Amino acid sequence: MAVRFRGLEFEHLGHASVRIETSEGTVIYVDPWSEVLDAAPEDGDVVFVTHDDFDHYDPEGIEAVAGPDATIAVYEAVDTDDLAADVILLPYDDEVEIAGLHVRTVPAHNNSEGDHVDEDGEPFHDVREVIGLLLELDGVTVYVPSDTDFLPCLESLTADVFVPPIGGHYTMNRHEAAAFARSVDPALVLPVHYDTFDAIETDEEAFAAELEADGIRVELF
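Here goes a summary of the coordinates provided. (Residues numbered from 1 in each chain as written. Predicted model: local features only at pLDDT ≥ 70, side-chain atom pairs only at ≥ 80, totals over all residues. Heavy atoms only, no water.)

**Let's talk about the sheet that holds strand 12 (residues 161-162)**
Pairing is mixed in the open sheet, where seven strands are placed in the order 8-9-10-11-12-13-14. Edge positions in the sheet fall to strand 8 (94-98) and strand 14 (217-218), since each has one partner strand and no second. By the bridge criterion, two bridges tie strand 12 to strand 13 (residues 188-189) in an arrangement that is parallel. When the bridges of strand 13 are listed, Phe-162 appears paired with Val-189. (Pairing = 2+ DSSP bridges. Helix = DSSP H or I, 4+ residues; strand = E, 2+ residues; numbered from the N terminus.)

Okay, here's the thing in structure tokens:
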């Protein structure tokens, strides 16, 4: 199901893979993963990758969605030697122009003192291993935080559209994501990264109901 908002069209392809199309027909993909793609549209003008986990950085998925002249923008901490296409490297916590789009990269990681750590007590996503993306598209700010917790350094961020992970275990759970959403104060929330694996099963309907009780629109797209 596609969700439309102020001239933009959002489609959740599965897991953390998202397709966005602007009113002028520019097609943007974030973290395309071949395991959840139903087809190989090869229509992407810009493809973003936020980190090197297999379900976010997937050369096969990138190839499936990228158009012949696509710009591939990957976080600089990712080893892209196995990617055939030319790559623009995204910096950590900075502002850049990518294919005419204004992009702000922001920190994303798990709190080492929090619940989202492995059996050795190490964060699933350590500092500087992941970035979130703030995209300016047709005058709309879209925030894709990627695999992260709700961190103090992110409390000042705002956006029109918020695309948070809600599955827990490796990222925020639905309650933490709801608190993050209230901080971002978006007009629309589009949750991702849940129910793909047993570890990240959650009650997305309850997440939506919690925020909608606060007057925040949520679409389970």
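Moving on, there is more to tell.
**Details of the layout of surface pockets**
Vacant regions in the atomic arrangement are exposed by a probe of water-molecule size rolled over the atoms. Approximately 200 Å³ is the volume attributed to the largest pocket. As for the largest pocket, its lining consists of 13 residues, of which Ile-62, Glu-63, Ala-66, Ala-84 and Ala-85 are closest to the centre. Here the lining of the largest pocket takes six residues from strand 6 (residues 66-75), the largest share from any one element. Along the lines of polarity and charge, the residues of the lining of the largest pocket split into nine nonpolar, one polar and three charged. (1 Å grid on protein atoms, 1.4 Å probe; cavity = no way out; pocket = protein on both sides within 12 Å on 5 of 7 lines; lining within 4 Å. Points joined across faces, edges and corners; volume = space filled by probe spheres on them. Nonpolar A, V, L, I, M, F, W, Y, C, P; charged D, E, K, R; others polar.)

**Remarks on the sheet that holds strand 1 (residues 2-5)**
Within a sheet, adjacent strands bond to each other through the backbone by hydrogen bonds, running parallel or antiparallel. Ordered in space as 1-2-3-4-5-6-7, the seven strands form an open sheet in which the pairing is mixed. If you trace the sheet from one side to the other, it starts and ends with strand 1 and strand 7 (87-90), each paired once. In this sheet, adjacent strand axes meet at a mean angle of 20° when their direction is disregarded. Bridging between strand 4 (residues 27-30) and strand 5 (residues 44-49) involves three bridges; their strand directions are parallel. When the sheet's bridge partners are listed, Val-30 is paired in strand 5 with Phe-48. (Axes fitted to C-alpha atoms, helices over the stretch in contact; angles between N-to-C directions.)

**Looking at empty space enclosed by the protein**
The tally for this structure, following the rule as stated, stands at one cavity of 30 Å³ or more. Its volume calculated, the largest cavity comes out at about 50 Å³. Lining the largest cavity are Ala-16, Asp-31, His-56, Val-144, Ser-146, Asp-147, Val-163, Pro-164, Pro-165, Val-192 and His-193. When the residues that make up the lining of the largest cavity are grouped by side-chain class, the tally is six nonpolar, three polar and two charged.

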